[in-house]
Amino acid sequence: MLLDQKRVLITGGSRGIGKAIVERFAEEGAHVLFTYKSNMASALDIVEILSAKGYHVHTVKADVSQQEDCQALVKHVQDTFGGLDILVNNAGITRDTLMLRMSLDQFDDVVNTNLRGVWMLTQALLKPLLKSEKGKIINISSVSGILGNAGQTNYSAAKAGVIGLTKALARELGGRNINVNAIAPGFTKTEMTDKVPQEIIEQALSQIPLKRMGDVKDIANAALFLASNQSDYMTGQTLVVDGGMVMPS
Ligand SMILES: NC(=O)c1ccc[n+]([C@@H]2O[C@H](COP(=O)([O-])OP(=O)(O)OC[C@H]3O[C@@H](n4cnc5c(N)ncnc54)[C@H](OP(=O)(O)O)[C@@H]3O)[C@@H](O)[C@H]2O)c1
């Protein structure tokens, strides 16, 4: 198993990509603590189903945009595991609209969760990660942070920020045996993309060489690679998992 006994925290594991990462990591022997913000019923279902299979999975409510929740999570991680080997910053939101119509609250909400939240939680957990024999940090960015996307000035800015944060932290932690990498998913089928109008989905599909939307398992497999020792010589990278839509040079 690729993550045998590894102690993992995954934010936003109650649905979508985060849920798929929780499942994939648990199957590979990890001990997983995942957070939810409001969807307690779904979070408890996931714990029940995976625990019944003999996997080690726990959940806790936490809003990553709130500093006190990030601090409380550090204590929760210590109480649950006594340390941490892998952090997956997955929680994210959208508040899409053209800049002319976007309110400052819509900008702040997205940046506070998708960028500031990643920074705050990672900083709070650095000490336990530094004590790990081998630490891995995986930040979920987006192709919108590479290409930019009309209607997403808030989201694209935050996700580009996550890529910059990933590179800077990879340089800071390179000598401390912690790898820091990002994943930039393309259009992936979740509740987040269920909100996107059909004509935009069709337009996106016409730009995807593999001619389909991503499945959450596609992203979970990339996260597994970055969490495992198969990627030990990679840091500061952004793995683009998008059916070929972006192809960065
Ligand atoms: N889907 C895509 O096409 C796509 C593409 C590129 C990047 N991404 C990124 O991938 C990540 C997951 O996206 P998804 O499509 O799986 O989204 P999703 O289905 O909307 O799920 C979002 C998850 O984040 C949690 N969450 C939201 N705000 C939070 C907060 N302030 N604090 C803690 N948790 C919070 C939600 O918890 P509750 O269930 O409790 O609300 C939920 O578990 C996000 O960072 C997203 O930006 C997605």
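Look a little higher up for the structure.
To keep things clear, this report deals only with the structure shown in the data block. All values reported here derive from a predicted model rather than from experimental measurement. Numbering of residues starts from 1 in each chain and follows the order in which that chain's sequence is written. Local features in this predicted model are restricted to residues whose pLDDT is 70 or higher, and side-chain atom pairs enter the listing and the counts only when it is 80 or higher, whereas totals over whole chains, interfaces and linings include all residues. The basis for the side-chain values is all heavy atoms of the structure; hydrogens and waters are excluded.

1. A look at the site of the ligand
We call a residue near a molecule or strand whenever a single non-hydrogen atom of that residue lies within 4 Å of it. Lining the immediate environment of the ligand, one finds 31 residues, of which S14, S38, N90, Y155 and T190 sit closest. Counted as a polar contact is a pair of N or O atoms within 3.5 Å, where, for protein atoms, one must be capable of donating a hydrogen and the other of accepting one, and residues adjacent in sequence contribute only when both atoms are in side chains. The separation between an oxygen atom of the ligand and a polar main-chain atom of G12 is 3.2 Å. Note that a nitrogen atom of the ligand is positioned 2.8 Å from one of the side-chain N or O atoms of D63. The helix count covers DSSP runs of H or I at least four residues long, the strand count covers runs of E at least two residues long, and both are numbered beginning at the N terminus. Sorting the residues of the shell around the ligand by element identifies α1 (16–27), α6 (153–173) and α7 (191–194) as the ones contributing at least two each. Looking at the shell around the ligand, the element that brings in the most residues is α7, giving three residues. When residues are grouped by polarity, Ala, Val, Leu, Ile, Met, Phe, Trp, Tyr, Cys and Pro land in nonpolar, Asp, Glu, Lys and Arg in charged, and all others, Gly among them, in polar. A per-class count over the shell around the ligand returns 11 nonpolar, 15 polar and five charged.

2. Description of the packing of helix α3 (residues 67–81) against helix α4 (residues 104–131)
Where α3 contacts α4, the axes come no closer than 9 Å and their chain directions differ by 25°. It follows that α3 is roughly parallel to α4 by the angle criterion. Of the two elements, α3 crosses α4, and the hand of that crossing is right-handed. Of the residues in α4, those touching α3 at Q67, C70, L73, V74, V77 and Q78 are M120, L121, A124, L125 and P128. Lines fitted to C-alpha atoms define the axes here, with helix axes fitted over just the stretch in contact, and angles between the N-to-C directions of these axes take values from 0 to 180 degrees. When an angle is under 35 degrees it counts as roughly parallel; over 145 it counts as roughly antiparallel; between 65 and 115 it counts as roughly perpendicular; any other value is oblique. The handedness criterion is simple: a crossing whose near helix is rotated anticlockwise from the far helix by less than a right angle is left-handed, and one whose near helix is rotated clockwise is right-handed. Any two residues whose heavy atoms approach within 4.5 Å are treated as being in contact.

3. Looking at the side chain of S132
Note on placement: S132 falls in the loop between α4 and β5 (135–140). When accessible area is computed with a 1.4 Å probe and restricted to protein chains, residues below 20% of their type maximum are described as buried, those above 50% as exposed, and intermediate ones as partly exposed. When its relative accessible area of 7% is taken as the criterion, S132 is described as buried. At 3.0 Å, the side chain of S132 forms a polar contact with the backbone oxygen of K134. Residues contacting S132, with those up to four places away along its chain left out, are L84 and D85.

4. Some thoughts on unusual backbone geometry
Of note in the backbone geometry, N177 takes a positive phi value of approximately 65° without being a glycine. Along the chain, the position of N177 falls in the loop between α6 and β6 (178–185).

The values reported here are purely geometric and, on their own, carry no functional implication.
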